[in-house]
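Examination of the molecular architecture
Residue strings, one per chain:
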Amino acid sequence: MTQDEMKKNAAWAALEYIPRDTVVGVGTGSTVNHFIDALASIKHEIKGAVSSSEQSTKRLQALGIEVFDLNSIDSFSVYVDGADEINRQKHMIKGGGAALTREKIVAAVADSFICIVDQSKQVDVLGTFPLPVEVIPMASSYVQRELTKLGGKPVLRAGVTTDNGNVILDVHQLAITDPLKLEQQINNIVGVVCNGIFAHRAADMVLVGSADGTQVIR
C-alpha cells in the first residue's frame with residue numbers, strides 16, 4: 001500500500017466522526033484533500049465548511065460545498081486536518097503547506113480536533129520535520145536571530161507568501177522536548193505571527209492510516 005493510499009484511508013475514516021447537519025472545519029494539505037473528496041460524498045447532509053486556506057476553499061467550492069466565513073460562526077463541532085509530525089501526546093508540527101496560522105485559528109474555534117495522518121507522521125519527539133514559523137516580512141531577520149538563540153537553524157522558505165501576506169521560516173535542528181513551552185516562547189518573539197507547534201491546541205483524536213487499516217487514537 002502506498003503512502004497516499006494510507007492517507008486516503010485515514011481521511012475517509014474521518015467521515016464516521018462528522019455530525020450531520022453541521023458546519024465542518026477543514027484543514028489544508030494532501031491528506032485533507034482526500035478528506036474534502038470524502039466530505040463531498042455527504043455534502044447534502046452537512047451545512048457547509050469553514051476552511052483554513054484559499055487552496056482548500058477552492059477545492060471545497062469546486063465540489064459544491066458551501067464555505068462560510070469563520071467570523072459568521074460562533075462555534076462548530078469538529079475540525080479535521082493533517083499534520084507533518086505528531087507525538088504520543090497528540091502534539092503536532094503543522095505548516096508544511098504554509099497555512100499554519102489559519103489552521104490554528106480554525107482549530108481553536110472547533111469543539112474537537114480530528115487529526116488524520118499516515119503512519120510515517122508518528123514520532124516520539126517533534127522536530128525532525130523543520131518547524132514552520134509565520135513571520136511579518138520586515139521582522140524576518142530579527143526573528144531568525146532570536147530563533148537561533150533557541151538552538152534552531154532558521155531558513156527562509158523561498159518563493160512562499162502565506163494567505164496572510166507573510167513569509168515562512170523553517171527552523172531546522174530543533175529537538176522539541178517541551179512543545180507547550182516552546183510554542184509559547186516562539187509566539188512571544190516580536191514579529192512572529194504564529195508557529196507550527198500545535199500543543200496548547202492538541203488533537204482530540206488521531207486517525208492513523210497504515211497498510212493494516214486505520215488506527216484510532218483517543
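Refer to the structure presented above.
Residues numbered from 1 in each chain as written. Predicted model: local features only at pLDDT ≥ 70, side-chain atom pairs only at ≥ 80, totals over all residues. Heavy atoms only, no water.

In this section: the environment of Lys43. Relative to the assigned elements, Lys43 resides in the loop between helix H2 (30-40) and strand S2 (48-51). The sequence separation of Lys43 and Arg20 amounts to 23 residues, and the corresponding C-alpha distance is 9.4 Å. Leaving out residues up to four positions away in the same chain, Lys43 has contacts with Leu63, Gly64 and Ile65. (Helix = DSSP H or I, 4+ residues; strand = E, 2+ residues; numbered from the N terminus. Contact = heavy atoms within 4.5 Å.)

The sheet built from 6 strands is open, its strands ordered S2-S1-S3-S6-S12-S13 with mixed pairing. Unpaired on one side and paired on the other, S2 and strand S13 (213-217) mark the two borders of the sheet. Put simply, the sheet's adjacent strands are angled 25° from each other on average, direction ignored. Pairing between strand S12 (residues 205-210) and S13: 5 bridges, direction antiparallel. Residue pairing across strands places Ser210 opposite Gly213, the latter belonging to S13. (Pairing = 2+ DSSP bridges. Axes fitted to C-alpha atoms, helices over the stretch in contact; angles between N-to-C directions.)

This part covers the packing of aromatic side chains. Under the definition given, this model contains 1 aromatic pair. An angle of 55° between the planes, with centres 5.1 Å apart, marks the rings of Tyr79 and Phe113 as tilted. With Tyr79 in strand S3 (residues 76-81) and Phe113 in strand S6 (residues 110-118), this residue pair connects regions lying 34 residues apart in the sequence. Note on accessibility: Tyr79 and Phe113 belong to one class, buried. Cation over ring: Lys94 sits above Phe198, and NZ or CZ is 5.5 Å from the ring centre. Sitting over the ring of Phe198, Lys104 keeps its end group 4.9 Å from the ring centre. (Phe/Tyr/Trp six-rings, centres within 6.5 Å; stacked < 30°, edge-to-face > 60°. Buried < 20%, exposed > 50% of the residue type's maximum accessible area, 1.4 Å probe, protein only. Lys NZ or Arg CZ within 6 Å of the ring centre and 35° of its normal.)

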